[in-house]
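# Breakdown of the fold
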Amino acid sequence: MDFREMVCVVTGASGGIGRRTALDLGASGAQVCVAARRRERLTALVDAMGGPEAGHSWVVADVAQRDDVRRLASHVEERYGRCDILINNAGFARERPFDGPGAVGDLELVMGTNFWGTVFCTAELLPLLAGSAPAQVVNVASMAGRLALPGASSYCASKFAVVGWSEAVRPDLARRGVRLSLVEPGFVPTEGFPQRGLCGHRLLRHALASEADVARAILEVIAGDRSARVVPRWYHLLEVPRVLIPPLHRWAQGRAAAGFHRLSGP
Ligand SMILES: NC(=O)c1ccc[n+]([C@@H]2O[C@H](COP(=O)([O-])OP(=O)(O)OC[C@H]3O[C@@H](n4cnc5c(N)ncnc54)[C@H](OP(=O)(O)O)[C@@H]3O)[C@@H](O)[C@H]2O)c1
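Residues numbered from 1 in each chain as written. Predicted model: local features only at pLDDT ≥ 70, side-chain atom pairs only at ≥ 80, totals over all residues.

### As for the site of the ligand
Neighbouring the ligand are 30 residues, the closest being Gly-12, Gly-16, Arg-37, Gly-91 and Gly-192. Residue assignment for the shell around the ligand shows that the elements contributing at least two residues are α1 (16-27) and α4 (103-131). Among the elements that take part in the shell around the ligand, α1 stands out by supplying three residues, more than any other. A class-by-class count of the residues in the shell around the ligand yields twelve nonpolar, 13 polar and five charged. (Near = placed C-beta within 6 Å. Helix = DSSP H or I, 4+ residues; strand = E, 2+ residues; numbered from the N terminus. Nonpolar A, V, L, I, M, F, W, Y, C, P; charged D, E, K, R; others polar.)

### Some remarks on the environment of Gly-254
Note on placement: Gly-254 falls in helix α9 (residues 246-264). The exposed category is assigned to Gly-254, around which 11 C-beta atoms lie within 10 Å. The spacing of Gly-254 and Ala-22 is 232 residues in sequence and 39 Å in space, taken between C-alpha atoms. (Buried ≥ 20, exposed ≤ 12 C-beta atoms within 10 Å, placed from the backbone.)

### Examining the pairing of strand β1 (residues 7-11)
The element β1 is largely enclosed, with a buried count of five among its five residues. Neither face of β1 is exposed, since Val-7, Val-9 and Thr-11 on one face and Cys-8 and Val-10 on the opposite face are all buried. With five bridges joining them, β1 and strand β2 (residues 31-36) adopt parallel strand pairing. Looking at β2, one finds that Val-10 is bridged to Val-34. For the crossover that starts at β1, traverses α1 and ends in the parallel β2, the hand is right-handed. Both β1 and strand β4 (residues 85-88) contribute to a ladder of three bridges, which runs parallel. Bridge assignment links Cys-8 to a residue of β4, and that residue is Ile-85. (Pairing = 2+ DSSP bridges. Right-handed = clockwise from strand over helix to strand, strands pointing away.)

### Here's the deal with the sheet that holds strand β6 (residues 178-185)
Spatial ordering of the open sheet is given by β3-β2-β1-β4-β5-β6-β7, a layout of seven strands whose pairing is parallel. Edge positions in the open sheet fall to β3 (57-60) and β7 (228-231), since each of these has one partner strand only. In this sheet, neighbouring strand axes are inclined to one another by 15 degrees on average, regardless of whether the strands run parallel or antiparallel. Two strands pair when backbone bridges link them, and β6 and β7 are joined in this way by four bridges, in the parallel orientation. If you follow Val-183 over to β7, its bridge partner there is Arg-229. Its contacts with the sheet put helix α2 (residues 39-48) on β2 and β3, and the angle it makes with β3 is roughly 175 degrees. (Axes fitted to C-alpha atoms, helices over the stretch in contact; angles between N-to-C directions. Contact = placed C-beta atoms within 7 Å.)

Put into structure tokens, the structure is as follows:
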């Protein structure tokens, strides 16, 4: 697909999947506006993509703060006057059992960025996206938005919310000429998700995907007509027991939960 003349906004672009996606979009000819909270990472990224002269820009924004997101949308409107693609990628995880201290606070924080950040960015940029139609929104969810993981209740809640909300609002956006797609990665070693257990495992490390795999899937989803894409694709199979053999699914979840509680203490 020819991304020249396209204006893309990537949130959570200061590292990991978002950074890789911004670089790939820039290399494909798009003008990219990158957003996150760490300014120095964003300026370095814009320089690596060719600088403001090549049409790229950055905005320091916490997507959980609606005023920051309004500032991001104003910047995109003033600088470019259009927005063709929004990639809602900013996200993080907290791991702890729900029956310990701090779990509710974690849930508020994680929902703030992963769910409300996605909603705020889509809402604030929608007028510009609709005005640039045909346009696209890609929400980076997770397999944890389809399959519940023990110890990651706040993260799973946020990603299930992103998946459910995305599927429900898709027709509303389509009426405005904006296509919404989901990209749902499995396990990808990044700064925020080091996946140490899997990286160090002789067999399970083959189940890991890379930042580049997910960035490629995001660009493929934009270029194609799929409404959802799992990375790697075979992770779809993990949903089969939940749908077709629920007792097997509950047994596997129970085993995983027992392992998590053993590792995380009483
Ligand atoms: N890695 C995995 O295994 C995996 C699997 C499934 C889904 N995902 C999803 O993929 C997305 C990217 O994750 P990643 O693996 O690339 O993690 P990462 O390397 O930790 O990057 C996360 C990015 O999000 C930004 N961010 C976090 N909170 C933010 C906030 N409140 N406002 C603005 N930006 C914020 C961070 O930048 P600042 O700190 O500078 O703000 C950073 O750029 C997330 O939505 C994650 O849930 C990851």
